[in-house]
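Coordinate inspection notes
Now for the letters of each chain:
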Amino acid sequence: MATTMSWGSYLLIHVVIFSWYVFTLSANCSLKVTQGHPGAKTYGGRWKYLTFLNLVLQTVFFGLVVLIDIIHLILPSKNLRCGVPLLLVKLRDTIFTIWAFPIGTFVFLSFWSIYHYNRELVFPKFLDDIIPIWLNHAMHTVTLPLALLQMYIQPHRYGSKMRGLLGLSILAVLYLGWVLWVHHVAGIWVYPIMERLSPMGLVIFLGVSSITVAPLYLLGEKLNHKIWKTTAVSAGPQRKKKK
């Protein structure tokens, strides 16, 4: 059964994770654009790729978590139960439960599932000469272990399923609309797999991809409940009672 840690321990771990994401994001933005893969120079730039958007999301989230850790270290406990500190904790839990965990998990599962089926559909072999293998794993693999680590070391309060699924659905619809808009304006598909699908196949692929994120939200809620043995987890360090 997991137990919470001191805010100092949280800060140490979160600074390391935040620094990792800043480094990974910087490495991604520094990639050389070639004639063979001019993706960053085409319409939408890197912002049309879910992998990049997820990196930004995770970086922002862990930056917020670091800020919360610092606030809890420097402010008296009586000032943490209301106002801005409490609002930030609620924001942290909202971002993690509705977006950071489901999207980070989806990136891992969808990428590697398609990659092992046929890598040319999502990460053509020529990209090996552009994107180092460590960066590929940093973008598509490490996100899941870090999300699971965050869930294990710190409890998060889940709101109603309706609110959570609605928030996640809105994000999925917005990204789907963005992908379709990029194709409408620039005539390009974000991922190679979309170019090879028939119109009906594309509808099915996009539909299944959008629906898949919902079970990932429910998975996060179940894991959080299993780890912390309660649906009413606290925002701060405490040792959980054993049954």
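The present account deals with the structure reproduced in this document. A quick note: this is a predicted structure, and the numbers were derived from the prediction, not measured. (Residues numbered from 1 in each chain as written. Predicted model: local features only at pLDDT ≥ 70, side-chain atom pairs only at ≥ 80, totals over all residues. Heavy atoms only, no water.)

Scanning the protein from N- to C-terminus turns up eight helices and zero strands. Listed N to C, the secondary structure of the protein is α-α-α-α-α-α-α-α in terms of helices and strands. Taken over the C-alpha trace, the protein has a radius of gyration of 19 Å; the compact-globule value for 243 residues is 18 Å, and the two agree within 12%. Principal-axis analysis of the C-alpha atoms places the extent of the protein at approximately 55 × 35 × 30 Å. Relative to its full complement of 243 residues, the protein shows a buried share of 45%. Taking contacts inside the protein between residues at least 6 apart in sequence as the whole, the part at least 24 apart equals 80%. In the structure as shown, the protein presents an accessible area of about 12900 Å², 70% of it carried by carbon and sulfur atoms. (Helix = DSSP H or I, 4+ residues; strand = E, 2+ residues; numbered from the N terminus. Rg over C-alpha atoms; globule rule 2.2 N^0.38 Å. Buried < 20%, exposed > 50% of the residue type's maximum accessible area, 1.4 Å probe, protein only. Contact = heavy atoms within 4.5 Å. Areas by Shrake-Rupley, 256 points an atom, 1.4 Å probe, with all protein chains shown as cover.)

Glancing now at a nonpolar patch on the surface. Together, Ile70, Leu73, Ile74 and Leu75 make up an exposed nonpolar region whose accessible area comes to about 350 Å². Its location among the elements puts Leu73 in helix α2 (residues 50-74). Its relative accessible area of 44% is what places Leu73 among the partly exposed residues. (Patch = residues over 30% accessible without salt bridge, like charges linked within 9 Å, V, L, I, M, F, W, Y side chains within 5 Å. Salt bridge = Lys/Arg side-chain N within 4 Å of Asp/Glu carboxyl O.)

Glancing now at the environment of Phe61. Position of Phe61 among the secondary structure elements: in helix α2. Its relative accessible area of 1% is what places Phe61 among the buried residues. With 31 residues separating them in the primary sequence, Phe61 and Arg92 have C-alpha atoms 7.1 Å apart. With sequence-adjacent residues up to four places away left out, Phe61 is seen in contact with Arg92, Ile95, Phe96, Ala100, Gln150 and His156.

The biggest cluster of nonpolar side chains holds 63 residues, and the ones touching the most others in it are Leu50, Phe61, Phe123, Ile131, Leu135, Tyr191 and Met194. For this core, the elements supplying multiple residues, two or more each, are α1 (7-29), α2, α3 (83-118), α4 (133-140), α5 (143-153), α6 (161-186), α7 (192-196) and α8 (199-228). In terms of residue count, the dominant contributor to this core is α3 (14 residues). Excluding residues within four positions of it along the chain, Leu50 makes contact with Ile103, Phe106, Val107, Tyr175 and Tyr191. (Core = buried A, V, L, I, M, F, W, Y, C linked by side-chain atoms within 4.5 Å.)

Contact pair α5 / α8: the axes reach a minimum separation of 9 Å and the direction vectors enclose 40°. As summarised for this structure, α5 and α8 are arranged oblique, according to the angle between their axes. By crossing handedness, the relation of α5 to α8 is classed as right-handed. In this structure, α5 contributes Leu148, Met151, Tyr152 and Ile153 to the contact, and α8 contributes Gly220, Leu223, Asn224, Ile227 and Trp228. Its residues assigned to classes, the contact of α5 with α8 comprises seven nonpolar, two polar and no charged. (Axes fitted to C-alpha atoms, helices over the stretch in contact; angles between N-to-C directions. Parallel < 35°, antiparallel > 145°, perpendicular 65-115°, else oblique. Left-handed = near helix turned anticlockwise from the far one by under 90°. Nonpolar A, V, L, I, M, F, W, Y, C, P; charged D, E, K, R; others polar.)

Following both chains from N to C, one finds α3 and α4 inclined at 130°, their axes separated by 8 Å at the closest point. If you check the angle between α3 and α4, you find them oblique. Contacts from Val107, Phe108, Phe111 and Trp112 in α3 reach Asn136, His137, Met139 and His140 in α4. Taken together, the residues of the contact of α3 with α4 break down into five nonpolar, three polar and no charged.

This part covers the pattern of salt bridges. Considering all chains together, one arrives at three salt bridges under this definition. Between Arg119 and Asp128 there is a salt bridge, and its shortest N-O distance comes to 2.9 Å. With relative accessibility at 16%, the residue Arg119 sits in the buried group.

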